[in-house]
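Coordinate analysis (summary)
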Amino acid sequence: MVKADRCALLKKESQATRKRFVADTVKTKQEQEALQKEYDKAEADRLADERAKARQASNKFDAAMKAGAGKTTFGKAAQVLKAREEVEDNDAEGEYEEHEATHNTNGTNGNGTTTAAAPKKEKKMTKSERYKDEMKFLADEQKAAIKQRVIGRLMRLFVVGFFLDAYREKDPRPVAKDSGKVKKKGKADENGDSFSIASLRDKANKLTGPFMMLLFTLFLGFLVIAGEDFDAGAMDSHDVNLYEVLGVDADSDVLAVRKAYKSLALSWHPDKNPGCEACVARFAKIGEAYEVLNNPEKKKAYDQRRAPEGSLESVASVDLTAEDFESRVLRSNDVWYVEVYDSNEGMSRGFHPIWEDVAQKHFQLARFGRIDAGKHRQALRLLHQRVMMFPVVFRIARGEQPELFQPEMRSEELSSKPLVNFVMESFPQVTVLDLESELRSWWDAKGDKPRILVSGPLAQSLRGGRGQGADFLQLQRSAFTWVEFFDIAVCEPQLAEFTLGPDVVSKVFTTGKGKTGPGWSLALRRREGAVPEVRSASSLKKVLTELQELISKGLGDQAPYLTVRNYQQLCGTQQGTRTFCLLLMDAFDDARVASALEELNDSRKTFAQEALEMGNSEDGGSTEEPFHIQPVRVSLSSGRLPWQRVAAGSAFRSLWAEVEKAPVFVFEAETNRIGAVRTQSLRELFQQIAYDDMKLAELPEHFSFTRGLPDPEVPLRRELLHSLSTPLGAIGAFLLAAGAIAILPELSVPTTGAVMAVFASLVLAAWPLATRRCVSFFWCTAAPSNFECQVGA
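Numbering of residues begins from 1 in every chain and follows the order in which that chain's sequence is written. In keeping with the predicted nature of the model, local features appear solely for residues at pLDDT of at least 70, side-chain atom pairs appear and are counted solely at 80 or more, and the whole-chain, interface and lining totals rest on all residues. The side-chain numbers reported here are obtained from all heavy atoms of the structure, hydrogens and water having been left aside.

**Observations regarding the overall build of the protein chain**
In this text, helices come from DSSP runs of H or I with a minimum length of four residues, and strands from runs of E with a minimum of two, each type numbered from the N-terminal end. Across its full length, the protein chain holds 28 helices and 17 strands. Among the 793 residues that make up the protein chain, the fraction classed as buried is 38%. It only takes one pair of heavy atoms within 4.5 Å for two residues to be counted as in contact. A separation of at least 24 residues holds for 72% of the contacts in the protein chain among residues at least 6 apart in sequence. For the protein chain, the accessible surface area stands at approximately 46400 Å², while carbon and sulfur atoms represent 56% of it. Burial classes follow relative accessibility: with a 1.4 Å probe on protein chains only, a residue under 20% of its type's maximum area counts as buried, one over 50% as exposed, and anything between as partly exposed. What sets the accessible areas is the Shrake-Rupley method with a 1.4 Å probe; for residues, cover comes only from the shown protein chains.

Right under this line is the structure:
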């Protein structure tokens, strides 16, 4: 028997053991990989389940918000998470321990081999950390949903969203085959007979934004079309008054009429104004006025002109409409008496002769207008009080509360006396100084406006309080009309002499029939501390003439800012005197304006001396008639405070381009002609205009000088409509409305309020007129006597 080789056997057994060890190692590794896969799958399932629950909670929150649950986003989410965590926390530890016992312990398999330890689970998150993680996940989901809704609204507002929705609806949608309920629903949908509340709500959400934008666009177009452009030129469109054409009073005699005609005819003669078509028309008006007023019979017929018997037509007052009521009445510096009547009502017909008589007798004191309530009912909305009965008369004056007169049409009161008393008593009063302290305080008050003190026998003029005479009413009218540029007051001569000294009162004048008495005096104080200029007059009628000359002279020494309201006062013809406006643009600061005024004053004096010498020459008189040059300033930038300047409009910039944007140019309102000043100095300006060295060109017909003038009183509504009427403004408004409709529904009430506050601040910062109106409200409440507050009344 062969002896067994022990070494060979040991070697064979060693190889077999190695093979078994390798096989067991491979098997253990495979089991470990299988356990890792099972663990990863379980962990992925757990995370997916948690995210599904969180998404379900977010959907519940959205449904609660749409149903008006009245709870905040994170408050609702906290309730959902709290309820879920209470269930999860109860078995969290058990699941963790069981998971550790199954997958994280060392043991042996069925063959007795040691298995490798399973990968350890990460440290379990605390409750607060899980809560923060869930809240962060929910917040991200909510932000994504809000962003998607905002983008969807914007897309639909710009119509693009509808095409996208239509494209998505064409995508095939899977339908469960073994669900009878689904099949039934699909069949109903195919027939179009089933509508759910959810589908209706979804359609409403899709269509609300575009529908609102459509309404906004239509409303914007309606406002732009219906908004009437304010034309300040309509302020000059009243009926021609022959007395105003010649610049004489209604009681002027034939000599005064002839003198005025000679002066105006010489100034406006076409031969002296070659190439001026407006001068020809003006010369024709002067001739027509002279032909009527120079003939006593024609003058009497003109003064007593009446409408046809039984007609409600008026020859002494103008008819007012909603289109021109603001330009003629509300922007006027005159006092207006406006009758509101109904042409189909009997009391209005009975009151018409009385109205005509009073308007004809007082046409030089105030303006008279009428509104036919049956034809122009829109104009009634511009009145300060609702009209319930007809007829009724309103007194409208700048800076004062309107007063109302309701006639009583009883048989014994069919006279003009009640209406005359109303006109006299409601007319704005001039400042009457009765005390020494009042006079001293008024005279020494600081301010930029010059002061004119009129002293004379007031007791004879006032006639018992408020029953002023016609001449004194004219004085009151002048004081009211020029209040923007002058402070005018009256007092007794004894008080003026005692308080201010004998230099400001007149001497004794002869009053007629050998009697003597105190006369009238006018003292102009241009600035604080300046020596007053004193003039004397023997009667109150002559006071009016001297007052107008002082006003004209005082205006020539200042350069006020030109506005829509004062344009006619500064640049229009005054008392028949031809007026040229000298416009100084922004390049002129206060120092340069003072220098320009000094140069203009030198030119005026030199030209007056030349005219006087020519008048005393042997040829029999001067051929040059006096005219007036009024310097004014125009700003191209607006201030944000009520007392600061206002910028001219875009229409004025176009007109300025006609003179190549010269820093100084001349404009004549009567002939609508304009010309640039090319010289560096203004010391020869009067001579250049008088001797036709400066050529003035007529503006094209489509240019309106008044349309672009600065207007501190323009309503915000009109300015907004003007901005929206431009393409850029309309596009900006549309985009702003679209953004508001898309974003504001996603914001809470406090956030919406904060956004609106920021938006209002940006509007005030970018829109000076809005800031001006806001500041004016508080400023005028504290100081209502300021002129800037009165013009807006």
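**A look at the sheet that holds strand β11 (residues 520–525)**
The pairing criterion for strands is at least two bridges between them, as found by DSSP. Spatially, the 5 strands line up as an open sheet ordered β6-β8-β7-β11-β12, and their pairing is mixed. Across the chains shown, the open sheet's two edge strands, defined by having one partner strand only, are β6 (431–432) and β12 (533–537). Relative to strand β8 (residues 487–491), β6 is paired through 2 bridges, and the arrangement is parallel. By the bridge assignment for β8, Thr 431 is matched with Ala 489. Its contacts with the sheet put helix α15 (residues 436–443) on β7 (451–455), β8 and β11, and the angle it makes with β7 is roughly 150°. In this analysis, axes come from line fits to C-alpha atoms, helices being fitted only over the stretch in contact, and the angle between any two N-to-C directions falls in the range 0 to 180 degrees.

**Notes on helix α13 (residues 346–361)**
Here the bend at a residue is taken as the angle between two axes, fitted respectively to the seven residues that end there and the seven that start there. Helix geometry: α13 is bent most strongly at His 352, by close to 35°, with proline Pro 353 lying one to four residues after it. Restricting attention to buried positions, one finds in α13 the residues Ser 348, Phe 351, His 352, Ile 354, Trp 355, Glu 356, Asp 357, Val 358, Ala 359 and Gln 360. Pairing of N or O atoms within 3.5 Å defines a polar contact, subject to two protein rules: one partner must be a possible hydrogen donor and the other a possible acceptor, and residues neighboring in sequence count only if both atoms are side-chain atoms. Regarding α13, its N-cap is Glu 345, as a side-chain oxygen of that residue lies 3.0 Å from the backbone nitrogen of Met 347 further along.

**What to know about the packing of helix α10 (residues 277–293) against helix α11 (residues 296–303)**
Where α10 contacts α11, the two axes come as close as 6 Å, and the packing angle between them is 100°. The orientation of α10 with respect to α11, classified from their angle, is roughly perpendicular. For the pair α10 and α11, contact is made by Glu 291, Val 292 and Leu 293 and by Lys 298, Lys 299 and Tyr 302, respectively. For this classification, Asp, Glu, Lys and Arg are treated as charged, while Ala, Val, Leu, Ile, Met, Phe, Trp, Tyr, Cys and Pro are nonpolar and the rest, including Gly, are polar. Among the residues making up the contact of α10 with α11, the classes are represented as 3 nonpolar, no polar and 3 charged. The scheme is simple: roughly parallel for angles under 35 degrees, roughly antiparallel for over 145, roughly perpendicular for 65 to 115, oblique for anything else.

**Details of the pattern of salt bridges**
Any carboxyl oxygen of Asp or Glu that lies within 4 Å of a side-chain nitrogen of Lys or Arg is treated as forming a salt bridge with it. Counting across every chain of the model gives 30 salt bridges. With its nearest N and O atoms 2.7 Å apart, the salt bridge here joins Glu 43 to Arg 46. Placement of both Glu 43 and Arg 46 in helix α1 (residues 6–66) is noted, with a separation of 3 residues, approximately one turn of the helix. On the basis of relative accessibility, which here comes to 35%, the residue Arg 46 falls in the partly exposed class. In this structure, Arg 440 and Asp 444 form a salt bridge, with 3.3 Å as the shortest nitrogen-oxygen distance. Take Asp 444: its relative accessible area is 37%, and that puts it in the partly exposed class. Residues joined in a network through salt bridges with shared partners are Arg 526, Glu 533, Arg 535, Glu 546, Glu 549, Lys 553 and Asp 557.

**A few points about the packing of aromatic side chains**
Centre distance within 6.5 Å is the pairing criterion for rings of Phe, Tyr and Trp, where only the six-membered ring of Trp is used; planes under 30 degrees apart are then read as stacked, over 60 as edge-to-face, and the remainder as tilted. Summed over the entire model, instances satisfying the criterion amount to 15 aromatic pairs. Relative to Phe 422, the ring of Tyr 337 lies with its centre 5.9 Å away and its plane at 80°, an arrangement referred to as edge-to-face. Here the residue Tyr 337 occupies a position in strand β2 (residues 336–341), and Phe 422 occupies one in helix α14 (residues 417–426), the gap between them amounting to 85 residues. We note that Tyr 337, like Phe 422, is buried. Here the aromatic rings of Phe 580 and Phe 627 are separated by 5.6 Å at their centres, their planes lie at 80°, and the arrangement is edge-to-face. Of this pair, Phe 580 sits in strand β13 (residues 578–584) while Phe 627 sits in strand β14 (residues 627–633), and the two are 47 residues apart along the sequence. Each member of the pair, Phe 580 as well as Phe 627, carries the same accessibility label: buried. An aromatic cluster of three or more residues is present, and its members are Tyr 337, Trp 355, Phe 368, Phe 405 and Phe 422. A ring has a charge above it when a Lys NZ or an Arg CZ is no more than 6 Å from the ring centre and no more than 35 degrees off the ring normal. Across from the ring centre of Trp 268, 5.6 Å away, lies the NZ or CZ of Arg 282, which sits over that ring.

**What about the pairing of strand β3 (residues 367–372)?**
Here β3 lies mainly inside the structure; 6 of its 6 residues are buried. What you see with β3 is no split at all: Arg 367, Gly 369 and Ile 371 on one side and Phe 368, Arg 370 and Asp 372 on the other are buried throughout. Note: strand β1 (residues 318–319) against β3, 2 bridges, orientation parallel. Looking across to β3, one finds that Asp 319 is bridged to Arg 370. Note that β2 and β3 share 6 bridges and pair parallel. Residue pairing across strands places Glu 339 opposite Arg 370, the latter belonging to β3.

**Some words on the sheet that holds β2**
One open sheet holds the 5 strands; their spatial order is β1-β3-β2-β4-β5, and the pairing between them is mixed. Two strands close off the open sheet at either side, each with one partner strand: β1 and β5 (403–405). Looking at chain direction, strand β4 (residues 392–396) and β5 are connected through 3 bridges and run antiparallel. Among the inter-strand pairings, Arg 395 is bridged to a residue of β5, identified as Glu 403. Against the sheet, α14 makes contact with β2, β4 and β5, and its axis sits at roughly 170° relative to β5, the strand it touches most.

**Side note on the pairing of β8**
By the criterion of burial, β8 is predominantly enclosed, with 5 of the 5 residues buried. Where β7 and β8 come together, 5 bridges link them in parallel fashion. Its bridge partner being in β8, Arg 451 is matched across the sheet by Asp 487.

**What about the state of the cysteines?**
What counts as a disulfide here is a pair of cysteine sulfur atoms lying within 2.5 Å. This structure, assessed with the given rule, holds 1 disulfide. What pairs with Cys 571 in a disulfide is Cys 581, and their sulfur atoms sit 1.9 Å apart. Of note, the bridge from Cys 571 to Cys 581 carries an S-S torsion of about -90° and is left-handed in sense. Of this pair, Cys 571 sits in helix α20 (residues 567–571) while Cys 581 sits in strand β13; the two residues are 10 residues apart in sequence, bridging distant segments of the chain. Here Cys 581 falls in the buried class, since its relative accessible area comes to 0%.

**Overview of the side chain of Thr 321**
Tracing the chain through its elements places Thr 321 in the loop between β1 and α12 (325–330). Its relative accessible area of 17% is what places Thr 321 among the buried residues. Setting aside residues up to four positions removed in sequence, Thr 321 forms contacts with His 376 and Ala 379.

**Observations concerning the nonpolar core**
Residues belong to one nonpolar core when they are buried, are Ala, Val, Leu, Ile, Met, Phe, Trp, Tyr or Cys, and are joined through side-chain atoms within 4.5 Å. Counting 48 residues, the largest nonpolar core has Phe 486, Leu 562, Leu 583, Phe 652, Phe 665 and Phe 705 as its most contacted members. If we skip the residues at most four places from it in the chain, Phe 652 touches Leu 583, Met 585, Val 634, Phe 665, Phe 705, Gly 708 and Leu 709. Counting residues in each nonpolar core, the second largest holds 22 residues, with Val 593, Phe 627, Val 666 and Leu 682 among its members.

**Quick notes on the environment of Val 387**
Mapping Val 387 onto the fold places it in the loop between β3 and β4. Remark: the alpha-carbon pair of Val 387 and Ala 373, spanning 14 residues in sequence, is separated by 9.3 Å. Among all residues touching Val 387, those that are not within four sequence positions of it are Val 340, Val 392 and Phe 394.

By themselves, these are just geometric observations and shouldn't be taken as functional.
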